[in-house]
Each structure stands twice: as structure tokens, then as C-alpha cells.
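Letter by letter, the chains look like this.
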Amino acid sequence: MFIIAEIGQAHEGSLGMALSYIDALADTGVDAVKFQVHMAAAESSEFEPFRIKFSQQDKTRLNYWKRMEFSPEEWKLLKQKCEEKAVEFLASPFSNAAVNLLEELGVKRYKLGSGEVNNFLLLEKIAGIGKPVILSSGMSSLKELDKTVEFLKSRNVEFSVLQCTTAYPTTAQNYGLNVIRELKERYDVPIGYSDHSAKIETCIAATVLGAEILEFHAVFDRRSFGPDATSSLEIDEVKTLVEAVNNIQTSLRCRVDKTDNSQYKELKNIFEKSLAVNKHLPAGHKLTFNDLEAKKPKGYGIDASKFEQVLGKELNKEKRQWEFLNWEDVGGSL
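Fair warning: this is a prediction, and the values are worked out from it, not measured in the lab. (Residues numbered from 1 in each chain as written. Predicted model: local features only at pLDDT ≥ 70, side-chain atom pairs only at ≥ 80, totals over all residues. Heavy atoms only, no water.)

Q: Mind laying out the overall build of the protein, listing which residues take part and the relevant values?
A: Across its full length, the protein holds 11 helices and 11 strands. Relative to its length of 334 residues, the protein is extended, with a C-alpha radius of gyration of 31 Å against a globular reference of 20 Å. Its C-alpha atoms put the protein at 100 × 45 × 35 Å along the principal axes. Going through the 334 residues of the protein one by one, you find that 45% of them count as buried. Residue pairs at least 24 apart in sequence account for 65% of intrachain contacts in the protein once pairs closer than 6 positions are excluded. Charge-centre separation for the protein: the mean point of 43 positive side chains lies 4 Å from the mean point of 49 negative side chains. (Helix = DSSP H or I, 4+ residues; strand = E, 2+ residues; numbered from the N terminus. Rg over C-alpha atoms; globule rule 2.2 N^0.38 Å. Buried < 20%, exposed > 50% of the residue type's maximum accessible area, 1.4 Å probe, protein only. Contact = heavy atoms within 4.5 Å. Lys, Arg positive; Asp, Glu negative; His and termini not counted. Charge placed at Lys NZ, Arg CZ, Asp CG, Glu CD.)

Next comes the structure, spelled out in C-alpha cells:
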């Protein structure tokens, strides 16, 4: 399992905040910390509308992207911090210019957001580099994905696909967990899940259903400023999720053989039960169901599983209430 915690824009353009996110997320056990590389002049224009009009300080979406930019030197510091904390520095480029910057940084792979699935100019740029691609499918139909997959395959690009629903936050009706298997069968490549639900159970369910990559937004506090805060996991939740996913992965690797219960022999002797009589019964009494009780431990009387075999049997001696019932009390074993 490859677990990606996305900082996205949660840093609000602050280098210090971005560095502190790396520190906090590295301690949760994630494999990669992801950023978004926005170079406003290359990717946007004054005509781009806000997805969510959350800010009064940014008059346009273009202004927002400008505020989110880091310098090349700052990006180097962020990547260096990731290396120090033993997590992979991962980033989504939104322009060819951003790819050039990421190549200078020396990234291992590329993550492409949902809006770039049909950006074949960007895909061609990355394909020419030859590094693996993680493709998020949030806004794409299968028909669109097919074209992108065909494009990547034709250029021998190693890739994986993430099921994703582009809704912030995503509600249970729209998780699309069923798509994980559909994508596996359709493309025969590693399939993952990119989450915006702000709930840990979503990625846990995706793990059980076969996701090999998990991605989610992370934030210090969901009440904080920013367009993705309400659809993010908080740091403590990320740690809980990582532990849960690791446990589930272990359980999926370690198959249990229900045909063999020999390891429970001692416990079965403790917890399983023997037949007893629930009242004083005289010799010669014919046993009925209402005469019987099952008591721990196993082995002090006839196994409770064999109660039907004693019904109608005649006692050959008096039995006191709550005494165990043995085969010799009813004329020997069957």
C-alpha cells in the first residue's frame, strides 16, 4: 500500500506552514506528502472562476494561485525536508512549466489531478520524461479515461489510476467504491482511491476492496481557512487511518485456514460444555430435553453436542441437581 497525504493548498502560501505540515504528517506513518505546484501565469488567467468562493483577500482565482506559489529555492527546501523525514516528496503539476520545476527537483513520479486527464499537452510532456504517473479519475468518464490510458500505453508510461469523486466533501452516496474493482478489471494496472470525504472509514473500505494506493487531503483543523479544509482529515485521524490500513493489509496477507482449528484445542476444552442434569432425578428416570443443562468445562460429561443421543435413555442411578451426565449413567457409550 502506498499512502499519500496531500497538503495541497493547506499551507496558504506560507513556507513555514508547509514545513510544519511535513513534520506532522511524517510522524503519522504515511509514505508520501503531496503538494500542488501552481505557477499562476502558466496555468491560469483572469477568466478562471473560483470553484469555491472562500476568500475575500483574493479578488480572482489567478490572484489566489499567485499567492500559493513558492520559489524554486523554497520548493527545494520542501523536498529536502521530506527527505530528512523519510517521506517521498510528491507533487501534482498543473502546467508544463511546473513539470520543468519538478524535474529540477528530481521527483520520482508524477501525480496528475482530475482536471488534467484530458490535458494531452501535459501528458505528452510527462510521457517524454518516462517517469511513473498516478492518474486521478475524478471528473472523467470511462470513455475519457480509455483515451488517456491508450495514450499512456502507446508511450510506454508506467501508470496507475485512482478512483475519485470530485466533490468537497464527498458524501457516502458518491464514494464510488464499486469503481475500484471496475477499474482493475478494465485496465489491469494498480488501482487506488483518492478521497475527499474527510472520514477515515472511506479509505479503510477502499483498502478492503483492493486499493493499492490511498490519497487524501490533510489539514491541522477542518475549521481552518481554505477550499479543501472541510474535505480533509486532521493529523490525528491520519495516524489512526495509517494504523488501521496497515492492520488490514496484514490481515489480507495472512490467510486463516478455517479447516484446521487444532490451535484452539485447549480453549475449546475451557469454553465448550458437558451435559448435566438440571434437577434431582431418581434411578430409572427417562431423560427428556427439559432435564438437561450444559456446563463448563468440556470433558467432565457427555459433550453437549450429543444431547439428542441421551434423550429417552433410562438413568441407571440417581443423579443430583447440576451433576455432570456421563455415558455410564445411561448404560455405557454408544
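There is more to say after this.
Q: Could you give me a rundown of the pattern of salt bridges, with the residues and numbers involved?
A: Counted according to the given criterion, the structure contains 22 salt bridges. With its nearest N and O atoms 2.6 Å apart, the salt bridge here joins R155 to E124. In this pair, R155 is assigned in the loop between helix 7 (142–154) and strand 6 (159–164) and E124 in helix 6 (residues 120–129), connecting sequence segments 31 residues apart. Judged by relative accessible area, R155 falls into the partly exposed class, the value being 35%. Residue E124 is classed as partly exposed on the basis of its relative accessible area of 39%. Several salt bridges share partner residues, and in doing so they unite K317, K319, R320, E323 and D329 into one network. (Salt bridge = Lys/Arg side-chain N within 4 Å of Asp/Glu carboxyl O.)

Q: Go over the pairing of strand 5 (residues 133–136), please, and point to the residues and values.
A: Regular strands show a simple pattern: their side chains alternate between the two faces of the sheet. Burial along strand 5 is two-sided: V133 and L135 facing one way and I134 and S136 facing the other are all buried. Of the pairings in the sheet, the one linking strand 4 (residues 110–112) to strand 5 comprises 3 bridges and is parallel in character. Residue pairing in the sheet places L112 in a bridge with L135 of strand 5. Handedness of the strand 4-helix 6-strand 5 crossover: right-handed. Examined bridge by bridge, strand 5 and strand 6 share 4 bridges and lie parallel to one another. Along strand 6, the bridge assignment pairs S136 with L162. (Pairing = 2+ DSSP bridges. Right-handed = clockwise from strand over helix to strand, strands pointing away.)

Q: So what's going on with unusual backbone geometry? Residues and values would help.
A: Of the consecutive residues K296 and P297, the connecting peptide bond is found in the cis state with omega at 0 degrees. Secondary-structure assignment places P297 in the segment after strand 11 (292–295). Phi at A86 takes a positive value of approximately 60 degrees, unusual for a residue other than glycine. Structurally, A86 is set in the loop between helix 4 (72–84) and strand 3 (88–93).

Q: Tell me what's going on with the packing of aromatic side chains, and back it up with residues and numbers.
A: Counted according to the given criterion, the structure contains 8 aromatic pairs. Between Y21 and F220, the aromatic rings sit 4.0 Å apart at their centres with planes inclined by 20 degrees, giving stacked as the arrangement. Highlighted residues: Y21 in helix 1 (residues 15–26) and F220 in the loop between strand 8 (213–219) and strand 9 (233–234), separated in sequence by 199 residues. Classification of F220 as partly exposed rests on a relative accessible area of 35%. Ring pairing ties together the aromatic residues F35, F70, W75 and F89, which thus form one cluster. Sitting above the plane of the F151 ring, R155 keeps its charged end 3.8 Å from the centroid. (Phe/Tyr/Trp six-rings, centres within 6.5 Å; stacked < 30°, edge-to-face > 60°. Lys NZ or Arg CZ within 6 Å of the ring centre and 35° of its normal.)

Q: Describe the packing of helix 5 (residues 96–105) against helix 6, naming the residues involved and giving the relevant values.
A: Look at helix 5 against helix 6: their axes get within 9 Å of each other, and the N-to-C directions meet at 25 degrees. It follows from the interaxial angle that helix 5 and helix 6 lie roughly parallel. The element helix 5 and its partner helix 6 pack so that their crossing is right-handed. Side by side, helix 5 and helix 6 meet where N96, V99, N100 and E103 of the first sit next to L121, L122, K125, I126 and I129 of the second. Its residues placed into classes, the contact of helix 5 with helix 6 shows 5 nonpolar, 2 polar and 2 charged. (Axes fitted to C-alpha atoms, helices over the stretch in contact; angles between N-to-C directions. Parallel < 35°, antiparallel > 145°, perpendicular 65-115°, else oblique. Left-handed = near helix turned anticlockwise from the far one by under 90°. Nonpolar A, V, L, I, M, F, W, Y, C, P; charged D, E, K, R; others polar.)

Q: How would you explain the packing of helix 7 against helix 8 (residues 178–187) if you had to name every residue and give the values?
A: Two elements in contact, helix 7 and helix 8, have axes whose closest approach is 12 Å; the angle formed by their N-to-C orientations is 40 degrees. By the angle class used here, helix 7 and helix 8 are oblique. Regarding helix 7 and helix 8, the two cross each other, and that crossing is right-handed. Note on element contacts: helix 8 touches helix 7 through L183, R186 and Y187, opposite L142, L145, D146, V149 and K153.

Q: Quick rundown of the environment of S20? Include the residues and the values.
A: Structurally, the position occupied by S20 is in helix 1. You can call S20 partly exposed: its relative accessible area is 26%. Separated by 78 residues in sequence, S20 and A98 have C-alpha atoms that sit 23 Å apart.

Q: I'd like a rundown of a nonpolar patch on the surface, residues and numbers included.
A: There is a patch of nonpolar side chains on the surface, built from Y264, L267, I270 and F271 and spanning about 420 Å² of accessible area. Looking at the element boundaries, L267 is found in helix 11 (residues 265–271). Take L267: its relative accessible area is 42%, and that puts it in the partly exposed class. (Patch = residues over 30% accessible without salt bridge, like charges linked within 9 Å, V, L, I, M, F, W, Y side chains within 5 Å. Areas by Shrake-Rupley, 256 points an atom, 1.4 Å probe, with all protein chains shown as cover.)

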